[in-house]
Amino acid sequence: MQATLRLAAMTSSSSSQWNTALTRSVPLRLPIISAPMAGVAGGKMAAETCRAGGLGFVAAGYNDNMQQVEEQVEIFRKHAPLNAPLSLGFIGFAALQNESGWERFEQLLIKHQPQFIQFFAPSIMYHGKKEAGDDDEDDTTKLVSNVQLAHEHNCKFIAQVGTFREAQQAVHAGVDCLIAQGSEAGGHGMRRELGSSTLALSSLLVQEFGSRVPIVAAGGIMNGRAMAAALALGCDGVVLGTRLWASVESIGSPAVQAQLLGKTCDDVLRTTVFDQFNNAVAPTKWPRPYDSVGALRNDATERWDGRYDELQEELAKSDSQILSDFNAAQAVADPAKLRVLCGEGVGHVDSVSEGTYDIIMRIEQEAKDCIRGLTSVLPE
C-alpha cells in the first residue's frame with residue numbers, strides 16, 4: 001500500500017493528519033512507530049509516542065518476566081492518551097520456545113487485550129494446539145501460528161523481517177503489517193552477510209507486497225529527512241529505535257546511553273561477536289541467523305570481529321581467559337568490552353536529555369519541510 005501523501009493536510013498544526021496505509025489501517029495521526037527495544041522501551045516511551053500521534057510499543061522481549069511487562073503496561077495506561085492502543089513487542093525464538101511460552105503469550109492477550117503485537121527473530125512461529133473430539137481417541141492436533149492466535153483475540157499482527165524470504169512467509173501467514181529492518185539498524189537482526197540495507201529491502205517489499213499490507217521502514221531513521229526518504233520509497237511509515245533509545249523515557253542504563261554521544265556511522269558495526277560471548281554464558285542463546293547486533297565498535301570487536309571460529313574455540317576452553325574477562329566486564333558494566341547497541345544513524349544523536357514527544361514532533365516537522373522542499377527540484 002504505497003504511501004499517498006496529502007501535502008495540503010500537512011499544516012504546521014500538531015494535529016495534522018498524515019495519509020498513508022499505516023495511518024489509515026491502525027488508525028494513527030502520524031506514521032511513526034517506536035521500536036520495542038528490550039530493556040529500553042517501557043510504558044512511558046510508548047505512551048509519549050502515542051501522545052505525539054504515533055504507535056508506541058512496550059517491549060515484552062523474551063516473554064519470561066510477566067511482572068515486569070505488567071508494570072510497564074500499567075505505566076503505559078497511566079500516561080498514554082485515552083483510548084491509545086496498547087502494543088507489545090516480542091522476540092520470537094525465546095518468547096514462544098515452549099508450551100509455557102505460548103500459554104503466557106495467550107494470557108497476555110486475554111488479560112491486557114493489546115490492539116497490536118510485533119514479533120521478530122523469527123516473526124512467524126507455529127504451535128501444536130489440541131482440539132478435543134467426542135472422546136480422547138478423537139483428539140487432534142492443529143498447527144496454529146502466533147498470527148492466528150493474535151487474530152483470535154482481535155489483535156493485529158506486525159512482523160519485523162530482515163530478508164525478502166521472511167517477508168514472503170509473513171505475508172503468507174496473514175500478517176497485518178511488515179517492518180523492513182535494514183542491516184544498518186541497531187540491536188539484533190540478520191547477520192550482515194544475509195541482510196540488506198533499509199533502502200534495498202523496504203523498496204522491494206513495497207514493490208512486491210505494498211498492495212496487500214502496509215510496509216514500514218526500520219534502520220537509520222533518525223530525522224525527518226530519513227522519514228521523507230522512506231515515504232518517497234513508497235513505505236507507509238517508519239520505526240524509530242536508536243533515536244528513542246537516546247530519549248529521557250528510555251529505561252536503559254544512563255551510563256550506556258551516554259556512550260551514544262559523539263559517535264558517527266563509522267563507529268557502528270554489525271557483528272556476531274557479542275552474541276558469541278552471550279551464548280557462552282547466558283541461558284537464552286540467540287540462534288542463527290539472528291545472532292548479530294548493530295553496536296558500537298569497542299575492544300572486543302576490534303580483537304575478534306572476523307575471527308569468529310577462533311573466538312568460538314577460545315570460549316569453549318574450560319579455563320578461557322577471555323570469558324573470565326567478559327564476566328568481569330559484565331560485573332562493572334564496562335562499555336569498552338560490552339555491547340552498546342545502536343544503529344548507523346547514531347551520528348545524529350546530539351543529546352540524551354530530550355523527550356520522546358519532542359523528538360517525534362521535531363521529526364514530523366522536518367519531514368514536512370523536506371517533502372515540501374522536494375517540489376522545487378521538479379522540472380517546470
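Residues numbered from 1 in each chain as written. Predicted model: local features only at pLDDT ≥ 70, side-chain atom pairs only at ≥ 80, totals over all residues. Heavy atoms only, no water.

Student: Explain the sheet that holds strand E13 (residues 293-296) to me, please; I cannot follow it from the model alone.
Tutor: Taken in spatial order, the 3 strands of this open sheet run E9-E13-E12, and their pairing is antiparallel. Pairing within the sheet leaves two strands with one partner each, and these edge strands are strand E9 (187-188) and strand E12 (268-271). In the packing of helix H12 (residues 273-281) onto the sheet, contacts are made with E9, E12 and E13, and the angle to E13 comes to roughly 105 degrees. (Pairing = 2+ DSSP bridges. Helix = DSSP H or I, 4+ residues; strand = E, 2+ residues; numbered from the N terminus. Contact = heavy atoms within 4.5 Å. Axes fitted to C-alpha atoms, helices over the stretch in contact; angles between N-to-C directions.)

Student: Would you take a moment to explain the pattern of salt bridges for this structure?
Tutor: When their charged atoms lie close together, side chains carrying opposite charge are able to pair. Tallied over the entire structure, the rule returns 12 salt bridges. A salt bridge links arginine 191 to glutamate 193; its shortest N-O distance comes to 3.8 Å. For glutamate 193, a relative accessible area of 55% corresponds to the exposed category. Put simply, lysine 368 and glutamate 364 hold a salt bridge, and the shortest N to O gap is 3.7 Å. Residue lysine 368 and its partner glutamate 364 are both found in helix H16 (residues 356-374); the two are separated by 4 residues, about one turn of the helix. For the pair formed by lysine 368 and glutamate 364, the shared burial category is buried. Among the ionic contacts, a cluster of salt bridges with common partners joins Arg243, Glu354, Arg362 and Glu366. (Salt bridge = Lys/Arg side-chain N within 4 Å of Asp/Glu carboxyl O. Buried < 20%, exposed > 50% of the residue type's maximum accessible area, 1.4 Å probe, protein only.)

Student: I tried to follow the pairing of strand E10 (residues 215-218) on my own but got confused; where do I start?
Tutor: The side chains of a regular strand alternate between the sheet's two faces. Burial of the side chains of E10 extends over both faces: Ile215 and Ala217 are buried on one face and Val216 and Ala218 on the other. Looking at chain direction, E10 and strand E11 (residues 237-240) are connected through 3 bridges and run parallel. Residue alanine 218 lies in a different strand from E11, and its bridge partner there is valine 239. Of the crossover connections in this fold, the one passing from E10 over helix H9 (residues 224-232) to the parallel E11 is right-handed. (Right-handed = clockwise from strand over helix to strand, strands pointing away.)

Student: Quick question: what am I supposed to make of the environment of tyrosine 126 here?
Tutor: Inspection of the secondary structure assignment puts tyrosine 126 in strand E5 (residues 126-131). Owing to a relative accessible area of 46%, tyrosine 126 belongs among the partly exposed residues under this scheme. Remark: the alpha-carbon pair of tyrosine 126 and isoleucine 359, spanning 233 residues in sequence, is separated by 38 Å. Each residue touching tyrosine 126, except ones within four places of it in the same chain, is listed here: Trp102, Leu143, Val144, Ser145 and Ala173.

Student: I would appreciate a short explanation of helix H15 (residues 321-332) in the present structure.
Tutor: In an α-helix there are 3.6 residues to a turn, and that puts residues three or four apart on one side. With 12 residues, H15 should cover 16 Å at 1.5 Å per step; its first-to-last C-alpha distance of 17 Å lies within 8% of that length. Buried within H15 are the following residues: Ile322, Leu323, Phe326 and Ala329. Along H15, the residues classed as buried sweep out an arc of 120 degrees about the axis, all on the same side. In H15, the exposed positions angled more than 90 degrees off the buried face are occupied by Gln321, Ala331 and Val332. (Expected span 1.5 Å × (residues − 1). Arc of directions from axis to C-beta.)

Student: Help me understand the packing of aromatic side chains, please; the structure alone is not making it clear to me.
Tutor: Geometrically, a pair of aromatic rings is defined through the distance of the ring centres and the angle of the planes. Per the counting criterion, the structure on display carries 10 aromatic pairs. Seen from their ring centres, phenylalanine 105 and phenylalanine 119 are 5.3 Å apart, and the 80 degrees between their planes marks the pair as edge-to-face. Of the two residues, phenylalanine 105 sits in helix H5 (residues 99-112) while phenylalanine 119 sits in strand E4 (residues 116-120), which places them 14 residues apart along the sequence. Neither phenylalanine 105 nor phenylalanine 119 differs from the other in exposure class; each is buried. Every member of this aromatic cluster is reached through a ring pair, and the members are Tyr62, Phe93, Phe120 and Trp286. Directly above the aromatic system of tyrosine 357 lies the positively charged group of arginine 51, at a separation of 3.9 Å from the ring centroid. (Phe/Tyr/Trp six-rings, centres within 6.5 Å; stacked < 30°, edge-to-face > 60°. Lys NZ or Arg CZ within 6 Å of the ring centre and 35° of its normal.)

Student: For this particular structure, what's the right way to read unusual backbone geometry?
Tutor: Excluding glycine, residues mostly have negative phi values, and the peptide bonds linking residues are mostly trans. In this structure, proline 122 follows alanine 121 across a cis peptide bond, with omega equal to -15 degrees. For proline 122, the location among the structural elements is in the loop between E4 and E5. Arginine 288 connects to proline 289 through a cis peptide bond whose omega is 0 degrees. Locating proline 289 in the fold gives a position in the loop between H12 and E13. One non-glycine residue, asparagine 83, lies in the positive phi region at around 70 degrees. Summarising the element assignment, asparagine 83 is placed in the loop between helix H3 (66-79) and strand E3 (87-91). Of the residues examined, asparagine 83 reaches a relative accessible area of 69% and is grouped as exposed. With a phi close to 55 degrees, asparagine 154 is a non-glycine residue in the positive phi region. As for its position among the elements, asparagine 154 is in the loop between helix H6 (146-152) and strand E7 (156-161).

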